[in-house]
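Structural features, examined
If you want the building blocks of each chain, they are given just below.
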Amino acid sequence: MPESSEATPGPTVFVLFGATGDLAKRLVLPSFFRLVQEKLLPDDWRLIGNGRRTKTDDEFRDEVREALEQFGGLKPEDGPWDEFAAGLRFAGGGFTADDPGELLDRIAEARGEIGQDAQLVHYLGLPPTTFGDYTRALGAQGLAEGSRVVYEKPFGTSLESFRELDRVVHEVLDESQVFRIDHFLGKEATQELRALRFANGLFGSSWDRHHVAAVEIDVPETLDVADRASFYDATGAVLDMLVTHLFQVAAEVAMDPPATFRADDVAAARDEAVRHFRPLQRDEVVRGQFEGYRDLDHVADDSTTETFVAARLWIDTDRWRGVPFLLRTGKRMAESHQKVNLIFRDPEDGPVDERDLPVRGNVLCFDLAGDGALALSMNVKTPGASSDLGTAWTQIPLDTLSGGDPLPPYVRLIHDVLTGDRALFTRPDGLEDVWTAAAEVLDDDRAPEPYAPGSWGPESALRLADPVGWVLPG
């Protein structure tokens, strides 16, 4: 599996732009605290939060502690809070190409404490529309050379905006400095998908169109969007989930074996798969909006933003030609899951009548939620006097494996940034092909189909998976 380029990261100054925002509070700061708990940070480090408001280090520490308790499900008093808090700093006054605020002074202070050669890591926990301006500012203020820069998703909002942002980034940074996060690639079960396939001949030899009838990447959510309706109404399910998480996981499933597990080889194999994504067609995509969405505060009365999307994606390679990749995600749905299902073909020309076989009897499932799990369903004879066939599942929760210590995806990815391992991050060549494949859907101005909260989405989305059908609901 991928190896870090540095076994132990050296002294590091980690600058968190947008440190008081929702993303930082919910994901980045709790992940950093978990790294301290797991003893995965360098011996010498500083985390400098950046924002427009001026505040003291102690005020920032209080806010961080509150975020850990409220969003991270963590108890700072269980430790090592004192060690963690000692590394926290705050630089107010904002940060632009014309005015660095307090940041340059705080970085100089941090390097004076832990070493002038400390690695500089910038994390842009900001709206994607600001990425270009902050990248230019890093260059203008002399903070780009030798640094690593982490960009949240989505990296662009269309093919045109992606190309413009990519141009700006490469005017300031070398590609080796850039880490574009898609946290679904950091999930333990996503990585297990790769291990199961390439380390087991049983599955590796069956990973193709001759054995697999369909691949389903299914991320329904019961969650509402009321607490972030303004953001969501400007984004929608296609941008928020389809062209980011679901496409990247599809590429992870579809890629041909990389030459090695080194970062560049893995990313190249994943990007080569994306290059063969057939552009989505409108008649193979269903966009939905849950009833009542337009009644939310900060949502326009005539909003056509989709809260649901399902798509049938085709990947035109020798390995997968003719196999549908069925992608689905939505808010206010019947259940919450994050699952990748490979549905294997029924045996042909054997003694068992295909009419006696259970529907979708052979399924390999990767549960991406939480610590992750693997599951496999098989057709078996029902015990007893009859010869009826039924389906039985066997499951392996990843947190039960001997010696295992699953890391949440943001914890794993931030650690990879610190060590310089880029295997689980996206590259511009693959992203350009993503935007190309999604172009027609992004330009779709039709009103989304309504669906009832607590349902599985519009009826037409259920039919999209015919004749195989969705594994969920099981």
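All chains use their own residue numbering, which begins from 1 and follows the written sequence. Only residues with pLDDT of 70 or above have their local features reported here, since the model is predicted, and side-chain atom pairs are shown and tallied only from 80 upward, although totals for entire chains, interfaces and linings are computed over all residues. To get the side-chain values, all heavy atoms of the structure are used, and hydrogens and water are removed first.

**A look at the sheet that holds strand 10 (residues 325–330)**
By way of backbone hydrogen bonds, the strands of a sheet pair with one another, either parallel or antiparallel. Strand pairing is assigned whenever DSSP detects at least two bridges linking the two strands. Elements are defined by DSSP. Helices are runs of H or I of four residues or more, strands are runs of E of two residues or more, and each kind is numbered from the N terminus. Taking strand neighbours across the sheet as the criterion, the nine strands line up as 14-13-12-11-7-10-9-8-15 in an open arrangement whose pairing is mixed. Looking at the sheet topology across the chains shown, the edges are occupied by strand 14 (389–397) and strand 15 (449–451). For this sheet, the mean inter-axis angle between neighbouring strands, taken without regard to orientation, is 20°. Across five bridges, strand 12 (residues 363–367) lies against strand 13 (residues 373–381) in antiparallel orientation. All axes here are fitted lines through C-alpha atoms, helices being fitted over the stretch that makes contact, and every angle between N-to-C directions spans 0 to 180 degrees.

**A short note on the confidence of the model for the protein chain**
A score from 0 to 100, pLDDT tells how confident the predictor is in each residue. Per-residue confidence for the protein chain gives a mean pLDDT of 90; residues scoring 70 or more make up 95%. Any two residues whose heavy atoms approach within 4.5 Å are treated as being in contact. Confidence drops under a pLDDT of 50 for residues 1–6, and excluding neighbours within four residues, the segment shows 17 contacts in the predicted structure.

**Describing the nonpolar core**
Only buried residues count toward a nonpolar core, which is a set of Ala, Val, Leu, Ile, Met, Phe, Trp, Tyr and Cys residues joined through side-chain atoms within 4.5 Å. Categorising residues by exposure relies on relative accessible area from a 1.4 Å probe, with only protein chains included: less than 20% of the type maximum marks a residue as buried, more than 50% marks it as exposed, and the intermediate range marks it as partly exposed. Formed by 106 residues in total, the largest nonpolar core has its most connected members in Phe 247, Trp 320, Phe 325, Leu 342 and Phe 366. Ranked by residue count, the leading element in this core is helix 10 (residues 236–254), at 13 residues. If we skip the residues at most four places from it in the chain, Phe 325 touches Val 215, Ala 250, Val 253, Ala 254, Ala 311, Arg 312, Leu 313, Ile 315 and Trp 320. Membership of the second largest hydrophobic core comes to 36 residues, among which are Phe 33, Leu 68, Phe 84 and Leu 88.

**Some thoughts on the sheet that holds strand 6 (residues 178–180)**
Across the sheet, six strands lie side by side as 3-2-1-4-5-6; this open sheet has parallel pairing. Looking along the sheet, the strands with just one partner apiece sit at the ends: strand 3 (88–91) and strand 6. For this sheet, the mean angle separating the axes of adjacent strands, direction not counted, is 20°. The pairing of strand 5 (residues 148–151) with strand 6 spans three bridges and is parallel. When the bridges of strand 6 are listed, Val 149 appears paired with Val 178. Helix 5 (residues 131–140) rests against strand 1 (12–17), strand 4 (119–124) and strand 5 of the sheet, and its axis sits at about 160° to strand 4.

**Section: helix 7 (residues 188–199)**
Multiplying one less than the number of residues by 1.5 Å gives the expected span of a helix. Its twelve residues give helix 7 an end-to-end C-alpha distance of 16 Å, which sits within 8% of 16 Å, the value for a rise of 1.5 Å per residue. Among the residues of helix 7, Ala 189, Thr 190, Gln 191, Leu 193, Arg 194, Leu 196 and Arg 197 are the ones counted as buried.

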